[in-house]
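Structural overview for review
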Amino acid sequence: MSRIVYVNGNFLPEAEATISIFDRGFVFGDGVYEVVPVIRGRLADRDYFLQRLSRSLDELGIAWPCSKQNYRQALEQLVARNALEEGIVYTQVTRGTADRQFTFPPDTPATMTAFTQVMPLLDNPAAANGVSVVTTGEIRWLRRDIKSLNLLAQVLAKQHAADKGAGEAWMIEDGFVTEGASSSAYIVKDSTVITRPLSNRILPGIRRRRLLELAEAAGIACEERRFNLEEALAADEAFISSATTILHPVVSIDGKPVGNGKPGPLSRRLRQLYVNHMLEEVGAGATTPPLRGTPP
């Protein structure tokens, strides 16, 4: 069965979905996007993704394409129409379609598209076994707090990681780790989680926000400050978080092991706290089988 996608208020088979070649998202990358996890057929972290999308749109001066309620209902319908049990919903909003000019065209309706993607979130082998990370230079623009469509720097960083056989790239700026190409970055030292503070230099990750809340509730110490590569290599543990990973432990950086080279206990505990939170949010209860490759 063909996947059903969403384009400007219409649900269509993916083969029939089109947008104009003059859409400013296509011509300029003039738009924003969001990725929402789906667990047991339900959207997770529902309130937080709406807040972040609103902020990104406001920062670029793009009007909402519909009401927030209708937007959320459209995503829920998309999940239902595709019978998606686990994966993500990707949504994109651009400034709309107009003849090519750099300045904002007046009175142009925004373009909204969305699609689903099947993806293992709860029982992903990388969560049990960990991922390797390589470092690369930071070449992105200086408004990384906006979840914009301009992702060429991240594409190059991800390809660099893939060429090195790694699962993620950590970007280095002025000697400090900013974040992953598509994830937030953390290290653990002496049972304290350390992650870079929010600013225009990093994306305000929803998983980052939720993990810090869960850590505080569980009495896990957290410190928001910059850390450099040397600290990361000397850390007891490291991990990444994103909509598509939830939390994956980092077991090596640039070919050097982190800690004992295996997923650490604090990373595994935080992931389980997050999984339990999502299951409770979607009404599935807080019990889930042990991660593949880990003891019960």
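Whatever comes next refers back to the structure up there.
Residues numbered from 1 in each chain as written. Predicted model: local features only at pLDDT ≥ 70, side-chain atom pairs only at ≥ 80, totals over all residues. Heavy atoms only, no water.

Considering the layout of surface pockets
The gaps of empty space that remain are located by a probe, the size of a water molecule, rolled over the atoms. Here is the rule: Only protein atoms enter the 1 Å grid used here. Points where a 1.4 Å probe fits but cannot escape make up a cavity, open sets with protein on both sides within 12 Å along at least five of seven lines make up a pocket, and a residue lines them when an atom lies within 4 Å of a point. Grid points are joined across faces, edges and corners, and a volume is the space filled by probe spheres set on the points. Put simply, DSSP marks the helices as runs of H or I at least four residues long and the strands as runs of E at least two long, and each gets a number from the N terminus on. Note on residue categories: nonpolar means Ala, Val, Leu, Ile, Met, Phe, Trp, Tyr, Cys or Pro, charged means Asp, Glu, Lys or Arg, and polar means any other residue, Gly included.
Considered as a void within the structure, the largest pocket measures approximately 720 Å³ in volume. Around the largest pocket sit 35 residues that line it, and Tyr 33, Lys 147, Ala 181, Ser 182 and Ser 183 are the ones nearest its centre. Among the secondary structure elements, those contributing two or more residues to the lining of the largest pocket are strand E3 (31-39), strand E5 (86-94), strand E6 (111-118), helix H5 (152-163), strand E9 (176-180) and helix H6 (206-217). Classifying every residue of the lining of the largest pocket by side-chain character gives 14 nonpolar, twelve polar and nine charged.

A word on empty space enclosed by the protein
Under the counting rule described, the total for this entry stands at one cavity of 30 Å³ or more. Here the largest cavity is characterised by a volume of approximately 30 Å³.

What to know about unusual backbone geometry
Our working rule: Classification of residues uses two cut-offs on accessible area relative to the type maximum, computed with a 1.4 Å probe and protein chains only: under 20% is buried, over 50% is exposed, and between them is partly exposed.
If you check the backbone angles, Ala 83 has positive phi at about 50° while not being a glycine. Turning to its location among the elements, Ala 83 is positioned in the loop between helix H3 (68-81) and E5. Residue Ala 83 is classed as exposed on the basis of its relative accessible area, which comes to 59%. Within the chain, Asp 254 stands out as a residue other than glycine whose phi angle is a positive 50°.

Considering the pattern of salt bridges
What counts, and what does not: Take a side-chain nitrogen of Lys or Arg and a carboxyl oxygen of Asp or Glu: if they are within 4 Å of each other, that pair is a salt bridge.
This model, assessed by the stated rule, comprises 22 salt bridges. Taking the shortest distance from any N to any O, the salt bridge between Glu 213 and Arg 209 comes out at 3.9 Å. A residue pair is termed a helical-turn pair when its members lie 3 or 4 positions apart in one helix, as Glu 213 and Arg 209 do in helix H6 at four residues.

Here we look at the pairing of strand E8 (residues 168-173)
To keep it simple, the criterion reads: Strand pairing requires that DSSP identify at least two bridges connecting the strands. For crossovers, right-handed means that the path from the first strand over the helix to the second runs clockwise, given strands pointing away from the viewer.
Summarising burial for E8: five of the six residues are buried, a large majority. Judged from the five bridges that link them, strand E7 (residues 131-137) and E8 form a sheet pairing that is parallel. Bridging from a neighbouring strand, Thr 135 pairs with Trp 170 of E8. With H5 bridging E7 and its parallel neighbour E8, the resulting β-α-β unit is right-handed. Relative to E9, E8 is paired through three bridges, and the arrangement is antiparallel. Looking across to E9, one finds that Trp 170 is bridged to Gly 180. Where E8 folds back on E9, the antiparallel hairpin that results is connected by two residues, among which Asp 174 adopts a positive phi of roughly 55°.

Points about the sheet that holds E5
Across the sheet, which stays open at both edges, the six strands sit in the order E2-E1-E6-E5-E3-E4 with antiparallel pairing between neighbours. Strands with a single pairing partner mark the edges of an open sheet, and in this sheet they are strand E2 (10-13) and strand E4 (42-43). By the bridge criterion, nine bridges tie E3 to E5 in an arrangement that is antiparallel. Each bridged residue has a counterpart across the sheet, and for Ile 39 the counterpart in E5 is Glu 86.

Points about the packing of helix H2 (residues 46-60) against H3
Rules: Structural elements are reduced to axes, namely lines fitted to C-alpha atoms, with helices fitted over the stretch in contact, and the angle between N-to-C directions of any two is expressed from 0 to 180 degrees. Under this scheme an angle from 65 to 115 degrees is roughly perpendicular, one under 35 degrees roughly parallel, and one over 145 degrees roughly antiparallel; angles in between are oblique. Take the far helix as your reference; a near helix turned counterclockwise from it by less than a right angle gives a left-handed crossing, and one turned clockwise gives a right-handed crossing. Residues are treated as being in contact if the distance between any of their heavy atoms lies within 4.5 Å.
H3 packs onto H2 with a crossing angle of 125° between their chain directions and a minimal axis gap of 12 Å. Considering the angle they form, H2 stands oblique to H3. Pair H2 / H3 crosses with right-handed handedness. Here Arg 46, Asp 47, Phe 49, Leu 50, Leu 53 and Ser 54 of H2 lie close against H3, whose contacting residues are Lys 68, Tyr 71, Arg 72 and Leu 75. Looking at the contact of H2 with H3, its residues break down into five nonpolar, one polar and four charged.

Looking at the nonpolar core
Our working definition: The criterion is simple. A nonpolar core is a set of buried Ala, Val, Leu, Ile, Met, Phe, Trp, Tyr and Cys residues joined through side-chain atoms within 4.5 Å.
Within the largest apolar cluster, 28 residues are counted, with the highest numbers of intra-cluster contacts made by Ile 39, Val 193, Leu 211, Phe 239, Leu 270 and Met 278. Looking at this core, the elements that each hand over two or more residues are E3, E5, strand E10 (184-189), H6 and helix H8 (265-281). Considering each element in turn, this core owes the most residues, six residues, to H8. Those residues within four positions of Met 278 in sequence are excluded, and the remaining contacts are Ile 39, Ala 44, Leu 122 and Ile 246. Counting residues in hydrophobic clusters, the runner-up holds 26 residues, among them Val 38, Leu 43, Tyr 71 and Ile 146.

A short note on a nonpolar patch on the surface
Cut-off, in case you're wondering: In this scheme, patches are assembled from residues that exceed 30% relative accessible area and form no salt bridge. Like charges are connected within 9 Å, while nonpolar side chains (Val, Leu, Ile, Met, Phe, Trp, Tyr) are connected within 5 Å. Here, Shrake-Rupley sampling with a 1.4 Å probe gives the accessible areas, and only protein chains in the shown set may cover a residue.
On the surface, Ile 21, Phe 22, Phe 26 and Val 27 cluster together to form a nonpolar patch covering roughly 410 Å² of accessible area. Looking at the secondary structure, you find Ile 21 in the loop between E2 and helix H1 (24-27).

Quick look at the packing of aromatic side chains
Keep this limit in mind: Any two rings among Phe, Tyr and Trp, with Trp reduced to its six-membered ring, count as a pair given centres within 6.5 Å; such a pair is stacked if its planes are under 30 degrees apart, edge-to-face if over 60, and tilted if neither.
Enumeration according to the criterion identifies eight aromatic pairs in this entry. Considering the side-chain rings of Tyr 90 and Phe 115, the 4.9 Å spacing of their centres and the 20° angle between planes classify their relative orientation as stacked. In this pair, Tyr 90 is assigned in strand E5 and Phe 115 in strand E6, connecting sequence segments 25 residues apart. Summarising the aromatic geometry, the rings of Tyr 186 and Phe 239 are spaced 4.3 Å apart at their centres and angled 15° between planes, so their arrangement reads as stacked. Remark: Phe 239 occurs in strand E13 (residues 237-241) and Tyr 186 occurs in strand E10; sequence separation between them is 53 residues.

None of this, on its own, says anything about what the molecule does.
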